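So you can see what is in the structure, the chains are spelled out below.
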Amino acid sequence: MSGEQAPEMEHSAAPLIDHLIELRQRLIWCVVYLLVGFGICYVFVEQIYTFLAQPFVDVANSNGQNPDMIAIGIHEQFFVYLKVAFFASFCLTFPLISMQVWKFVAPGLYRNEKKAFLPFLIGTPVLFAMGASLSYFVVIPLAWDFFMSFQISANSAAEAASAASAAAEHPLAKLSVTVMPSVKEYWSLVMMMILAFGFSFELPILLLLLARVGIVTAKGLAEKRKYMIVAAFAFAAIMTPPDFVSQILLGVPILLLYELSIIAIRLTIKEEKNV
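Residues numbered from 1 in each chain as written. Predicted model: local features only at pLDDT ≥ 70, side-chain atom pairs only at ≥ 80, totals over all residues. Heavy atoms only, no water.

Turning to the overall build of the chain, a few remarks are in order. Assigned secondary structure in the chain consists of ten helices and zero strands. Taken from N to C terminus, the helices and strands of the chain fall in the order α-α-α-α-α-α-α-α-α-α. Taking all 275 residues of the chain together, 33% fall into the buried category. Long-range contacts, defined here as pairs at least 24 residues apart, represent 79% of the contacts in the chain between residues at least 6 apart. Looking at the chain as shown, the accessible area adds up to about 16,900 Å², and 70% of this sits on carbon and sulfur atoms. (Helix = DSSP H or I, 4+ residues; strand = E, 2+ residues; numbered from the N terminus. Buried < 20%, exposed > 50% of the residue type's maximum accessible area, 1.4 Å probe, protein only. Contact = heavy atoms within 4.5 Å. Areas by Shrake-Rupley, 256 points an atom, 1.4 Å probe, with all protein chains shown as cover.)

Spelled out as structure tokens, the structure:
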């Protein structure tokens, strides 16, 4: 009995080993893409960082302030450049990494399943770019403008002091608060917000894939809408700076994408039933 089971066990183990070898090859290609992209991006890291810092420059200039940042540690700028180059490499090679995922999954799919999965592969980088663009061009400038509004210039302090008191000399007249972010702090906020918006826009892809394999349904998602509202704004509160503007600008798109996902699932199920 044991002799008959041994060949069967070897036969079942062979495909698993083949899949692991294939997975290792795809992961190696992903690492190669990231390393090559990192090398290219590090050559242009100053230009990339200037691009990422442009929202702060524009907001600072509009508030009459020099767009200055500070590096607290002597090594801070170097490590920030490494992070910027790696982040840019990930964004640049994201379509290639998605292609490796497709090549790993595709051999196990039927022809009709490949046709159904291919739009998700194309839509993933597109939706990520849309979310990242919304963060960079809309949310980040609004958030920076909100925080810059709390700085106190010497002139405004003096005017407030003279209005409050007729005394020639007042302690508030000497008060001045200037917003000057550190390089590390600015980069951390920008990276977190771009990734938060980019991955949040992948919600329709995730829900549609889960619906295709039968894990979720449009009816079930609609019934859990109230929980999604709480989860969306809780996620926005964690992933964005502590201001209501950026939290609303992340929470509302998540809810809209959630509703669009429900509509898309209903239309997809209707089409499949008609076929």
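Here the focus is the packing of helix 3 (residues 76–105) against helix 6 (residues 183–200). Contact geometry of helix 3 with helix 6 gives a least axis separation of 10 Å together with a crossing angle of 15°. Of the possible angle classes, the one that applies to helix 3 and helix 6 is roughly parallel. Helix 3 and helix 6 meet at a crossing whose hand is left-handed. Two secondary-structure elements touch here, helix 3 through E76, Q77, V80, K83, V84, F87 and F90 and helix 6 through V183, K184, W187, M191, I194, L195 and F199. In terms of residue class, the contact of helix 3 with helix 6 is made up of ten nonpolar, one polar and three charged. (Axes fitted to C-alpha atoms, helices over the stretch in contact; angles between N-to-C directions. Parallel < 35°, antiparallel > 145°, perpendicular 65-115°, else oblique. Left-handed = near helix turned anticlockwise from the far one by under 90°. Nonpolar A, V, L, I, M, F, W, Y, C, P; charged D, E, K, R; others polar.)

Time to look at helix 6. Over its 18 residues, helix 6 runs 26 Å from end to end, which matches the ideal 26 Å to within 8%, given 1.5 Å per residue. Buried within helix 6 we find V183, Y186, W187, V190, M193, I194, A196, F197, G198 and S200. (Expected span 1.5 Å × (residues − 1).)

Take S89: it is sitting in helix 3. With sequence-adjacent residues up to four places away left out, S89 is seen in contact with Y33, L34, G37, F38 and C41.

With that settled, consider the packing of aromatic side chains. Counted under the stated rule, the structure contains 16 aromatic pairs. What links up through ring pairs into an aromatic cluster is the set F90, F94, F128 and F199. (Phe/Tyr/Trp six-rings, centres within 6.5 Å; stacked < 30°, edge-to-face > 60°.)

Core analysis: the biggest nonpolar cluster contains 49 residues, and Y49 and W144 have the highest contact counts within it. At the level of secondary structure, the elements contributing two or more residues to this core comprise helix 2 (45–62), helix 3, helix 4 (111–148), helix 6, helix 7 (203–212), helix 8 (218–223), helix 9 (225–239) and helix 10 (244–274). Discounting residues that sit within four places of it in the chain, Y49 has contacts with M69, V80, Y81, V84, V183 and Y186. (Core = buried A, V, L, I, M, F, W, Y, C linked by side-chain atoms within 4.5 Å.)

Moving on to the state of the cysteines. Counting across every chain of the model gives zero disulfides. Free of any disulfide, C41 has its nearest cysteine sulfur in C91, 8.7 Å distant. (Disulfide = S-S within 2.5 Å.)

This part is about the environment of V84. You can see V84 is positioned in helix 3. Sequence separation between V84 and Y49 is 35 residues, and the spatial gap between their C-alpha atoms is 6.8 Å. When neighbours within four sequence positions are excluded, V84 is seen to be in contact with V45, I48, Y49, L52 and W187.

Moving on to the pattern of salt bridges. Per the stated rule, a full pass over the model turns up two salt bridges. With its nearest N and O atoms 2.8 Å apart, the salt bridge here joins E22 to R26. Of the two residues, E22 and R26 are both situated in helix 1 (residues 2–43); the distance of four residues between them amounts to about one turn of the helix. Using a relative accessible area of 22% as the deciding quantity, one classes E22 as partly exposed. The class for R26 is buried, based on a relative accessible area of 18%. Note that R225 is salt-bridged to E259, the shortest N-O span being 2.5 Å. In this pair, R225 sits in helix 9 while E259 sits in helix 10, placing the two residues 34 residues apart along the sequence. (Salt bridge = Lys/Arg side-chain N within 4 Å of Asp/Glu carboxyl O.)

Moving on: a nonpolar patch on the surface. Among the surface-exposed residues, L16, L20, L23, L27, V101, F104 and V105 lie close enough to one another that they form a single nonpolar patch of about 570 Å² accessible area. Listing elements by their share of the nonpolar patch, those giving two or more residues are helix 1 and helix 3. The element best represented in the nonpolar patch is helix 1, accounting for four residues. Note on placement: L27 falls in helix 1. (Patch = residues over 30% accessible without salt bridge, like charges linked within 9 Å, V, L, I, M, F, W, Y side chains within 5 Å.)

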